[in-house]
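# Analysis of the macromolecular model
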Amino acid sequence: MRRHFAALLMGLMLLPGAALAERIVAHVSITSQEMKVYHEGRLLYTWPVSTAKRGSVTPPGTYEPEFLSRNHRSRRYNNAPMPFAIFYSGNYAIHGTDQIKRLGKPASHGCVRLDPKNAKILFEMVKAEGMENMRVVIVQ
């Protein structure tokens, strides 16, 4: 038990803005266009993402999820599908995309896009653990 707690502390100390209450951390690097997903301080997944293209912004910071939407459609962008959306700051969300070939490169209007299979995994993790136990950390 003591070793598990120490490992959890070590893992969380490596993440900016992390606290012990966070069971899930989605750490997004705008520079590397990837997301690392941690559960209880252990790295579980590293996935390619697409963040904001030129002229748009994915705002860096640490956020808590505001709401989940399994089959969301964008009201701003022609009813575009946003499956398995985790909204974390107003209109900004982590969600699946049908533009999988663009993952790994900036391509969004500011959201964090994932392969829909990966978005579903993260979405289900957050549903199981509770939104209050998840943080989204976005760094340059």
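If you're wondering where the values come from, they're calculated on a predicted model, not measured in any experiment.

## Some points on the sheet that holds strand E6 (residues 81-89)
Ordered by their spatial adjacency, 4 strands build an open sheet running E5-E6-E7-E8, and the pairing between neighbours is mixed. Taken across any chain shown, the strands that pair with only one partner, and hence form the sheet edges, are strand E5 (67-73) and strand E8 (112-114). On average, adjacent strands in this sheet sit at an angle of 25° to one another, irrespective of strand direction. Here 3 bridges tie strand E7 (residues 92-96) to E8, and the two strands are oriented parallel to one another.

## As for the layout of surface pockets
Taken as a whole, the largest pocket holds about 500 Å³ of empty space. In terms of lining, the largest pocket is formed by 23 residues, of which the most central are Ser74, Tyr77, Met82, His95 and Cys111.

## Quick word on the side chain of glutamate 22
For glutamate 22, the location among the structural elements is in the loop between helix H1 (2-13) and strand E1 (24-29). A distance of 3.2 Å separates polar atoms of two side chains, one belonging to glutamate 22 and the other to arginine 135.

## What to know about the sheet that holds strand E9 (residues 134-139)
In spatial order, the strands read E3-E2-E1-E9-E4; together these 5 strands make up an open sheet with mixed pairing. Since the sheet does not close on itself, it has two edges, and those belong to strand E3 (42-48) and strand E4 (61-63), each with one partner. Strand-to-strand twist in this sheet, taken as the mean axis angle between neighbours without regard to direction, amounts to 15°. Both E1 and strand E2 (residues 34-39) contribute to a ladder of 6 bridges, which runs antiparallel. Its bridge partner being in E2, isoleucine 24 is matched across the sheet by histidine 39. Helix H2 (residues 116-129) rests against E1, E2, E3 and E9 of the sheet, and its axis sits at about 145° to E3.

## So, the nonpolar core
Counting 23 residues, the largest nonpolar core has Met35, Ile94, Val112, Leu114, Leu122, Met134 and Ile138 as its most contacted members. Contributions of two or more residues to this core are made by E1, E2, E6, E8, H2 and E9. Of the residues forming this core, the biggest block, 5 residues, is contributed by H2. Sequence-distant contacts of leucine 114, that is, excluding residues within four places in its chain, are made with Met35, Trp47, Pro48, Val49, Ile94, His95, Gly96, Thr97, Leu103, Ala119 and Leu122.

## Looking at the side chain of histidine 95
Relative to the elements of secondary structure, histidine 95 occurs in strand E7. Setting aside anything within four residues of it in sequence, one finds histidine 95 in contact with Met82, Pro83, Phe84, Ala85, Cys111, Val112, Arg113, Leu114 and Ala119.

## Some words on the packing of aromatic side chains
Note on aromatic pairs: each is described by the distance of the centres and the angle between the planes. In this structure the tally under the stated criterion is 4 aromatic pairs. Summarising the aromatic geometry, the rings of tyrosine 63 and tyrosine 88 are spaced 5.1 Å apart at their centres and angled 50° between planes, so their arrangement reads as tilted. Separated by 25 residues along the polypeptide, tyrosine 63 in strand E4 and tyrosine 88 in strand E6 bring together distant segments of the chain. The exposure class of tyrosine 63 is buried, given its relative accessible area of 15%. Centre to centre, the rings of phenylalanine 84 and phenylalanine 123 are 5.6 Å apart; their planes meet at 65°, and the pair counts as edge-to-face. Of this pair, phenylalanine 84 sits in strand E6 while phenylalanine 123 sits in helix H2, and the two are 39 residues apart along the sequence.

## Some details on the environment of arginine 76
Among the structural elements, arginine 76 can be located in the loop between E5 and E6. Arginine 76 gets classed as exposed once you look at its relative accessible area, which sits at 58%. Separated by 15 residues in sequence, arginine 76 and asparagine 91 have C-alpha atoms that sit 9.2 Å apart.

Parameters and conventions
- Residues numbered from 1 in each chain as written.
- Predicted model: local features only at pLDDT ≥ 70, side-chain atom pairs only at ≥ 80, totals over all residues.
- Heavy atoms only, no water.
- Pairing = 2+ DSSP bridges.
- Helix = DSSP H or I, 4+ residues; strand = E, 2+ residues; numbered from the N terminus.
- Axes fitted to C-alpha atoms, helices over the stretch in contact; angles between N-to-C directions.
- 1 Å grid on protein atoms, 1.4 Å probe; cavity = no way out; pocket = protein on both sides within 12 Å on 5 of 7 lines; lining within 4 Å.
- Points joined across faces, edges and corners; volume = space filled by probe spheres on them.
- Polar contact = N/O pair within 3.5 Å; in protein donor to acceptor, adjacent residues only side chain to side chain.
- Contact = heavy atoms within 4.5 Å.
- Core = buried A, V, L, I, M, F, W, Y, C linked by side-chain atoms within 4.5 Å.
- Buried < 20%, exposed > 50% of the residue type's maximum accessible area, 1.4 Å probe, protein only.
- Phe/Tyr/Trp six-rings, centres within 6.5 Å; stacked < 30°, edge-to-face > 60°.

None of this, on its own, says anything about what the molecule does.
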